[in-house]
Amino acid sequence: MSEDVSTVPGDKTICLPIGDGVEYDTLVQDRKAFRQYLDQQIAQHPELFPAEMEAGYCFHGFRTSAKLGLVSRRIRLVANGEAYQLRPDFVMPYMIGNTEDVEKGLYLRQFGVPFDAIAHVLGKDAMYWYRASQSLGRPSIVGTTIKDGEAIPPHLLSDEKHTWWQGERVYVATTVGEGCILGAQLSVGAGSEALQEAYRVFAQEARELDSHYSPQTLNTDGWEATQNAWRGLFAGVNLILCFLHSVLAIGQRCRLQGELWQSLQDKLWNIYHAPDAAEFIERLRHLQAWAIGQNLPESVMTKILNLSVKASHFTLAYQFPEAHRTSNMLDRLMNYQDRVLFAMQYFHGYQDSANLTLRAMAMLWNFHPYGRRSQSNATDTVSPFEELNGFYYHHNWLRNFLTASSINGRGGGKFRKHTISQN
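Because the structure is a prediction, the values reported are computed rather than measured. (Residues numbered from 1 in each chain as written. Predicted model: local features only at pLDDT ≥ 70, side-chain atom pairs only at ≥ 80, totals over all residues. Heavy atoms only, no water.)

**Some points on the sheet that holds strand S2 (residues 57–64)**
Under the convention used in this document: In this analysis, strands are considered paired if DSSP registers two or more bridges between them. For helices the rule is a DSSP run of H or I covering at least 4 residues; for strands it is a run of E covering at least 2, with both sets numbered from the N terminus onward. Axes here refer to lines fitted to C-alpha atoms; in helices the fit is confined to the stretch in contact. Angles between the N-to-C directions go from 0 to 180 degrees. The contact criterion used is simple: two residues touch if any of their non-hydrogen atoms lie within 4.5 Å.
The strand order S1-S4-S3-S2 describes an open sheet built from four strands, whose pairing is mixed. Across the chains shown, the open sheet's two edge strands, defined by having one partner strand only, are strand S1 (13–16) and S2. Averaged over all neighbouring strand pairs, the angle between strand axes comes to 30°, with direction disregarded. Taken strand by strand, helix H2 (residues 31–44) contacts S1, S2, strand S3 (71–77) and strand S4 (83–88), and its axis lies near 110° from that of S2.

Here it is in C-alpha cells:
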C-alpha cells in the first residue's frame, strides 16, 4: 500500500459490515460486545481497516446523526493518533438515508433512468438522488473493486469512449479488466499527453493497492496516442492489437458485397484461431495470396496487405495465453456507458462533476446484481465484484459496495482469502 496520506473526504470513515441478525442499537451501546465484534471484523476483513489498526485502538466517543437519530462510535488509533468514524453498512454516507431505502433508486441509474423519474416513483427530489448517485464515484475505483492487491488483473483493455461535454467532443479514457471497469476519466483531448493524464488516475489507484503494479499486457485498437499514454505510465507493458478492429475495418469496405464479405470473414477468423504465431503468419500469407488473385477493391486489398505490418502486434498475444486478443470485453462495458450517456444527454456541468458521474457509472457496473437468469448459471456469481474477488460482503449490492468502499477503498490491512460469501 502507498504510504501517502490522503485528505479526500471519506478516508477517515470505516464502513463496518453488520451481519444479518445483529442488533446494532444494542451492540453499539455495549462497549465490551462492540469491541469483540469489531475485533472479529478486523480479523476477518483486515482490508477494510487502516494498516495501523494492528497496533491497537481505543474508543473515542459517539456521534449521533441528526437526520436518522443513529448512534455511531469513533475510534482513535494507538499508532498515530488518527481518529476514524465507524459507520454501519445499512446507512449511507453522511447519513442521508438507510441503504435499503436508497438502493432501489440507485439500481435504476444503471439503466439511465432520470433522477426526476426516480424521485416521482420513490419520493425525495431529483437533487437528492443526483447527490446520492454522485457519492458512488468518490472512492477509489480500483481499491473498492479489487480487495486483494495481488489480484489486480495483469491483462487489461483500454479505449476512449467518444462523448460530449458542454457541446464539445471529449473522450472517456476507459480501463477494463476481468469484466469490471477499473478506470473512467474524462479527457478533453485525444493526444498522448491528454490521454496519459486521464489514464494516470487508474495507474495511481492501482499503485495505491500494489506499489509495484504494472500490467503485463494491454489490448488497444491501435490508436497511437493511447499506446503512447500507456507506455508513459507503464514502461514494461506489452501492447496487443485488437484483431476484431482489423476485421471490422475490412468489413466496412466490402459489407455490401455479401458473398465476398462472408468468404473474407471465414478466412480472417481462421487466421485468428491459428494455434501459434508461426501458423498465424502462414495463414495470413495464404489469405494475401488468395486476395491478390481475386481482383478485390483497392481499399479492401490495402487493408488486407496492412495486416502483415501489424502481424507482430497480433502474434505477441501468443506469448501471453491469458491476454485479450480482441476488445470484446471492453466493447460490452462501453456499450453500457453509451446507453447511460445517451439517456442523460451527455455532460453539461463542471468537469469534476462529469468525472464523478463516470466513476459512479463504473461502480454501478462493478457492483450491480446480475439478472436472475445470469445468477442461476454455472458460475453462480451475483455481480462482477464477486466474480473478480470470489466473495461478497453482503447479498444487498449497495451494502456490498459501501463495505468495499470503507476508507474510500484505501484500507491498508493485508487481505485474507475468503472461501465463502459473507452475509
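**What to know about the pattern of salt bridges**
The condition is simple: Between Lys or Arg on one side and Asp or Glu on the other, a salt bridge is scored when a side-chain nitrogen of the former is within 4 Å of a carboxyl oxygen of the latter. We call a residue buried when its accessible area falls under 20% of the maximum for its residue type, exposed when it is over 50%, and partly exposed in between, using a 1.4 Å probe and counting protein chains only.
Here the structure, examined in full by the defined rule, presents eleven salt bridges. For Glu-205, the salt bridge is made with Arg-359, and the minimal N-O distance between the two is 2.8 Å. Pair noted here: Glu-205 is in helix H7 (residues 192–209) and Arg-359 is in helix H14 (residues 351–367), with a separation of 154 residues, a long-range link. Comparing Glu-205 with Arg-359, the two get one shared label, buried. Because the salt bridges share partners, they merge into one network encompassing Asp-11, Glu-208 and Arg-410.

**Describing the sheet that holds strand S9 (residues 238–241)**
If you walk across this open sheet you meet the five strands as S7-S6-S5-S8-S9, and the pairing is mixed. Strand pairing shows two members of the sheet lacking a second neighbour, strand S7 (180–187) and S9, which therefore form its edges. Ignoring strand direction, the axes of neighbouring strands in this sheet form an average angle of 30°. Of the strand pairs in this sheet, strand S6 (residues 168–177) and S7 are connected by seven bridges, and their pairing is antiparallel. By the bridge assignment, Thr-175 is partnered in S7 with Gly-183. With respect to the sheet, H7 is in contact with strand S5 (155–165), S6 and S7, its orientation differing from that of S7 by roughly 145°. Contacting S5, S6, strand S8 (217–220) and S9, helix H8 (residues 224–233) runs over the sheet at an angle of about 125° to S5.

**Considering helix H17 (residues 397–404)**
Here is the rule we go by: Throughout this description, a polar contact denotes any pair of N or O atoms lying within 3.5 Å of each other; where both atoms belong to protein, one of them has to be capable of donating a hydrogen while the other can accept it, and for residues adjacent in sequence the pair is counted only when both atoms sit in side chains.
Within H17, eight of the eight residues are buried, leaving the element largely enclosed by the surrounding structure. Taken together, the buried positions of H17 are Trp-397, Leu-398, Arg-399, Asn-400, Phe-401, Leu-402, Thr-403 and Ala-404. The inward-facing, buried residues of H17 abut S1, S4, helix H3 (99–108), helix H6 (141–145), H14 and helix H16 (384–389). Here H17 starts with a cap whose side-chain oxygen sits 2.9 Å from the backbone nitrogen of Leu-398, and that cap is Asn-396.

**Quick look at the side chain of Ser-405**
Inspection of the secondary structure puts Ser-405 in the segment after H17. On the accessibility criterion, Ser-405 (9% relative accessible area) is buried. For Ser-405, the side chain forms a polar contact with the main-chain oxygen of Leu-402, separated by 2.9 Å. Beyond its immediate stretch of four places on either side in the chain, Ser-405 contacts Pro-139 and Thr-144.

**Brief notes about the nonpolar core**
Stated formally: To form a nonpolar core, buried Ala, Val, Leu, Ile, Met, Phe, Trp, Tyr and Cys residues must be joined to one another through side-chain atoms within 4.5 Å.
Judged by nonpolar contacts, the single largest core of 70 residues is most densely connected at Phe-34, Leu-38, Ile-75, Leu-106 and Leu-398. Examining the composition of this core, we find that nine residues originate from one element, H14, more than from any other. Setting aside residues no more than four positions away along its own chain, Ile-75 makes contact with Ile-14, Leu-38, Met-53, Tyr-57, Cys-58, Phe-59, His-60, Glu-82, Ala-83, Tyr-84 and Leu-86. Ranked by size, the runner-up nonpolar core spans 24 residues in total, among them Leu-156, Leu-182, Leu-209 and Leu-233.

**Some words on the packing of H7 against H8**
The criterion, for reference: Throughout this description, any angle smaller than 35 degrees is read as roughly parallel, any larger than 145 degrees as roughly antiparallel, any in the 65 to 115 degree range as roughly perpendicular, and the remainder as oblique. Left-handed describes a crossing whose near helix is turned anticlockwise from the far helix through less than a right angle; right-handed describes the clockwise counterpart. Each residue gets one label: Ala, Val, Leu, Ile, Met, Phe, Trp, Tyr, Cys and Pro are nonpolar, Asp, Glu, Lys and Arg are charged, and the others, such as Gly, are polar.
At a closest axis distance of 8 Å, the pairing of H7 and H8 adopts a crossing angle of 40°. Considering their axes alone, H7 and H8 lie oblique with respect to each other. Where H7 crosses over H8, the two elements pack in a sense that is right-handed. Residue-level inspection shows Ser-192, Leu-195, Gln-196, Tyr-199, Arg-200, Phe-202, Ala-203 and Arg-207 of H7 in contact with H8, the latter providing Ala-225, Thr-226, Asn-228, Ala-229, Trp-230, Gly-232 and Leu-233. Tallied by class, residues from the contact of H7 with H8 come to eight nonpolar, five polar and two charged.

**Re the packing of helix H11 (residues 277–292) against helix H12 (residues 298–315)**
Direction vectors running N to C along H11 and H12 enclose 175°, while the axes themselves pass 10 Å from each other. On the basis of the axis angle, H11 is roughly antiparallel to H12. Contact residues: Ala-277, Phe-280, Ile-281, Leu-284, Leu-287, Gln-288, Ala-291 and Ile-292 in H11; Met-301, Ile-304, Leu-305, Leu-307, Ser-308, Ala-311, Phe-314 and Thr-315 in H12. Taken together, the residues that form the contact of H11 with H12 break down as 13 nonpolar, three polar and no charged.

**A closer look at the environment of Arg-399**
With respect to the element layout, Arg-399 can be found in helix H17. Separated by 170 residues in sequence, Arg-399 and Ala-229 have C-alpha atoms that sit 36 Å apart. What Arg-399 contacts, discounting residues up to four positions off in sequence, is Ile-18, Asp-20, Asp-89, Phe-90, Thr-99, Glu-100 and His-394.

**With respect to the environment of Lys-414**
Position of Lys-414 relative to the elements: it lies in the segment after H17. A relative accessible area of 63% places Lys-414 in the exposed class. When neighbours within four sequence positions are excluded, Lys-414 is seen to be in contact with Pro-46 and Glu-150.

**Considerations on the confidence of the model for the protein chain**
Under the convention used in this document: What pLDDT expresses is the predictor's confidence in each residue, scored from 0 to 100.
Residue-level pLDDT values for the protein chain average 92, and 93% of them are 70 or greater. Confidence scores differ between elements of the protein chain, with helix H15 (residues 372–375) showing the lowest mean pLDDT of 61 and S7 the highest of 98. Every residue in residues 1–6 scores below 50 in pLDDT, and together they form eight contacts with partners more than four places removed in sequence or on other chains.

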